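So you can see what is in the structure, the chains are spelled out below.
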Amino acid sequence: MALAISMEGIEARARELGVDLSAVDLDSITLPAGEDFGILSDDEEILRDEDPPELEMGLSNIIVVDNLPVVPPEKFEKLENVIRKIYSQIGVIKENGLWMPVNPETKKTYGYCFIEYNTPQEAELAREKTNGYKLDKSHIFAVNMLDDFEKYMKVPDTWTPAEIKPYTPGENLLKWLTDEKARDQFVIRAGTLTEVYWNDARKLAPELVFQKQYWTDSFIQWSPLGTYLATVHRQGSQVWGGENGFERLMRFAHPMVKLIDFSPGERYLVTYSSHEPSNPRDTHRVILNIFDVRTGKVMRDFKGSADEFTTGGNVGVSGVSWPIFRWGGGKDDKYFARLGKNVISVYETDTFSLLDKKSLKVENVVDFSWSPTDPIISLFVPEMGGGNQPARVSLVQIPGKEELRQKNLFSVSDCKMYWQNNGEYFAVQVDRYTKTKKSTYTGFELFRIKERDIPIEVLELENKNDKIIAFAWEPKGHRFAIVHGDGPRPDVSFYTMRTANNTSRVSKLTTLKAKQANALYWSPAGRFIVLAGLKGFNGQLEFYNVDELETMATGEHFMATDIMWDPTGRYLATAVTSVHEMENGFQIWSFNGKHLYKVSKDHFYQFIWRPRPPSLLSPEKEEEIAKNLKKYSKKYEQEDQDAFNQLSEQERKRRTQLQEEWDSWVAKWKQMHEEERAYRRELRDGEASDEEEEYEAKEVEVEEVVDVTEEVLAFDLLDQE
């Protein structure tokens, strides 16, 4: 961030601070040894290896096209026109930029040509687009960059074994999970500072772990299991972690990176950048890299125009829908996929190539999602042919690509898909047109994934015309909640996929009428939920126990923009980010709605809890611990009491200090008053004014004369009436 500031900005900042830049010797400024403030220098080795600086364009804008037909002079012009037609569609070929060498003996071409573009980006795109292009059965293009030949020519003829470095054990990246107080961490970004804290609810205050200024150029992001903290810079991305703090663990060179995304198991990092095209009529050029997080190696890259990476055909001026690649197969990071035109391209991480070397063809597919736990893809295809071809939702098993279940849907205007986090249930929210086609109503198709033949139930609300505002599955559970209604105060309904007899039938638990809520936030452990009223409701909070079907508490965080449960479900954070100019900061609440503490921060941008990896305990062991909770709770109750006593002692000391400060202030003014006694006596001509008994009170009677003339006149007027 510091390097991206303009000179005008530096001069403006200097004027604010009263610094004369002309008097500053910039050559005399040195950084502390080994400190680069987390910013890569352009001359560092990693950048020289990955992105060598070029003062001149060199040969990077020239491609070599091989496997062309070998033709005599009379067919030379025809072949050149064919090649020019193919390659001029990709970019602008320079004048005299197409050259096919000719054999001087046979007068025929050699079967290859050189094409020079205006920019290296166009040349790279041409290589990607046409390598493997089939001109006819006998001629399949082999396209390479010309400067690749120079690189490969420098490879030594003799092989030398790599130097084997001695093994050095790495740091324990999960040390933070062994905190004796079982606290959770969170990271915030405010102003130029990024800070990591422990959430110490017993002390009713956060405890600082690590702090760094200008740690990132744009945003920060935890990895899904909490092992790494990622930062984004002009030169690429970096991940941080360690046993006793946050050391830089790996760098991922990707100039002008804008977005990043981890795979669920943290094995891979996807980075994205978008670049302006040389031709204003073209779309932005997109570059995607997939890195191995531990080694920093690029496992696969994807390059092309933004149109190639759109989801459902919708794209902004300079970007695409994110994430482009969606990961599946659970925590094994075995598959990732992206949506294309009439296809879903599924890749496997063993080879980082297309599964079975071909994409899954689905005509008119507009959306898909993965099961969180299994290699199952759900996809949606809208109605076609004016309603003659119904919409459908399908479940497809990977890698076999066989269809497990399909449901046809009629008169569909929109569709949303929701997976339960254990992959046991799958909900499809379907907005359908009425018979008149002038309005819509909503229903739900509920799939039981783990049961035989995947049975489907249809759920319709009592009032079909209710607008669906929010839907959310209970984590690790069988219930779901819906916010619905058309008025200013919608209703909230709770349903279960199990009845009292444990039969497979959806049933309603309860409906809460007229709530100030438009968002649902389930605790990660289930059971508890926060009904939140954001935006127009100004941060209303209701903490609800779904087991007991009762409200535990209500609260308010005025203008709240973000609500986040900690990974254990013990605490809730609410935040007001810099979207609003006022009230920036965050508040921490207990799971049952008790307000614990508040922290105000100017220019507050991000608050993110550090995720935890899944528990290593079996469900049976967790159930056993829950049954014997009273035995374990004695220890923690004593620790809570000690913490409470410590807080009480701190409060007593604070009040004692305030009392001492007040007594000191009063004593100082009394002393000053005594020292000025003689001066006050002199001002009063020797009269003492400090002693209360030296004054004399006198009673004075004052007589008030009434204007007789006015009263007589008033009586005369009354008599006349």
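Since the structure is predicted, the reported quantities are computational estimates derived from the model, not experimental observations.

## Let's talk about the confidence of the model for the protein chain
For the protein chain, per-residue confidence averages 85 on the pLDDT scale, and 83% of positions sit at 70 or higher. Between the elements of the protein chain, mean pLDDT differs from a low of 43, seen in helix H2 (residues 45-50), to a high of 97, seen in strand S11 (residues 229-232). pLDDT under 50 marks residues 313-319. Its contacts with residues more than four places away, or in other chains, come to 11 contacts.

## A short note on a nonpolar patch on the surface
A cluster of nonpolar side chains, namely Trp 662, Trp 665, Trp 669 and Met 672, defines an oily patch on the protein surface of about 460 Å² accessible area. Inspection of the secondary structure assignment puts Trp 669 in helix H7 (residues 629-675). On the accessibility criterion, Trp 669 (41% relative accessible area) is partly exposed.

## What about the sheet that holds strand S16 (residues 285-292)?
The strand order across the open sheet built from 4 strands is S14-S15-S16-S17, with neighbouring strands paired in antiparallel fashion. The open sheet has two edge strands with one neighbour each: strand S14 (259-262) and strand S17 (298-305). Recorded for the sheet is a direction-independent mean angle of 15° between the axes of neighbouring strands. In terms of strand pairing, S14 meets strand S15 (residues 268-275) through 4 bridges, oriented antiparallel. Counted as the bridge partner of Phe 262 is Leu 269 from S15.

## Regarding helix H3 (residues 76-88)
The end-to-end C-alpha separation of H3 is 18 Å, in line with the 18 Å expected for 13 residues at 1.5 Å each. Where H3 is concerned, the buried positions are Leu 79, Ile 83, Ile 86 and Tyr 87. Down the axis of H3, the sector holding all buried residues measures 85°, keeping them to one side. Facing away from the buried side of H3 by more than 90 degrees, the exposed set consists of Glu 77, Lys 78 and Lys 85. Packing partners of the buried residues in H3 comprise strand S1 (62-66), strand S2 (93-99), strand S3 (112-117), helix H4 (120-130), strand S4 (134-136) and strand S6 (142-145).

## Some points on unusual backbone geometry
In this structure, the amide linkage connecting Ile 398 to the following residue, Pro 399, adopts the cis form with an omega of 15°. Inspection of the secondary structure assignment puts Pro 399 in the loop between strand S25 (391-397) and strand S26 (402-409). Backbone geometry at Glu 266 places phi at a positive 70°, although glycine is not the residue there. Its place among the elements puts Glu 266 in the loop between S14 and S15. Phi at Asp 453 takes a positive value of approximately 65°, unusual for a residue other than glycine. Its location among the elements puts Asp 453 in the loop between strand S29 (440-448) and strand S30 (456-460). Under the relative-accessibility criterion, Asp 453 is labelled exposed at 62%.

Reading guide: rules and limits
- Residues numbered from 1 in each chain as written.
- Predicted model: local features only at pLDDT ≥ 70, side-chain atom pairs only at ≥ 80, totals over all residues.
- Heavy atoms only, no water.
- pLDDT = per-residue confidence, 0-100.
- Helix = DSSP H or I, 4+ residues; strand = E, 2+ residues; numbered from the N terminus.
- Contact = heavy atoms within 4.5 Å.
- Patch = residues over 30% accessible without salt bridge, like charges linked within 9 Å, V, L, I, M, F, W, Y side chains within 5 Å.
- Areas by Shrake-Rupley, 256 points an atom, 1.4 Å probe, with all protein chains shown as cover.
- Salt bridge = Lys/Arg side-chain N within 4 Å of Asp/Glu carboxyl O.
- Buried < 20%, exposed > 50% of the residue type's maximum accessible area, 1.4 Å probe, protein only.
- Pairing = 2+ DSSP bridges.
- Axes fitted to C-alpha atoms, helices over the stretch in contact; angles between N-to-C directions.
- Expected span 1.5 Å × (residues − 1).
- Arc of directions from axis to C-beta.

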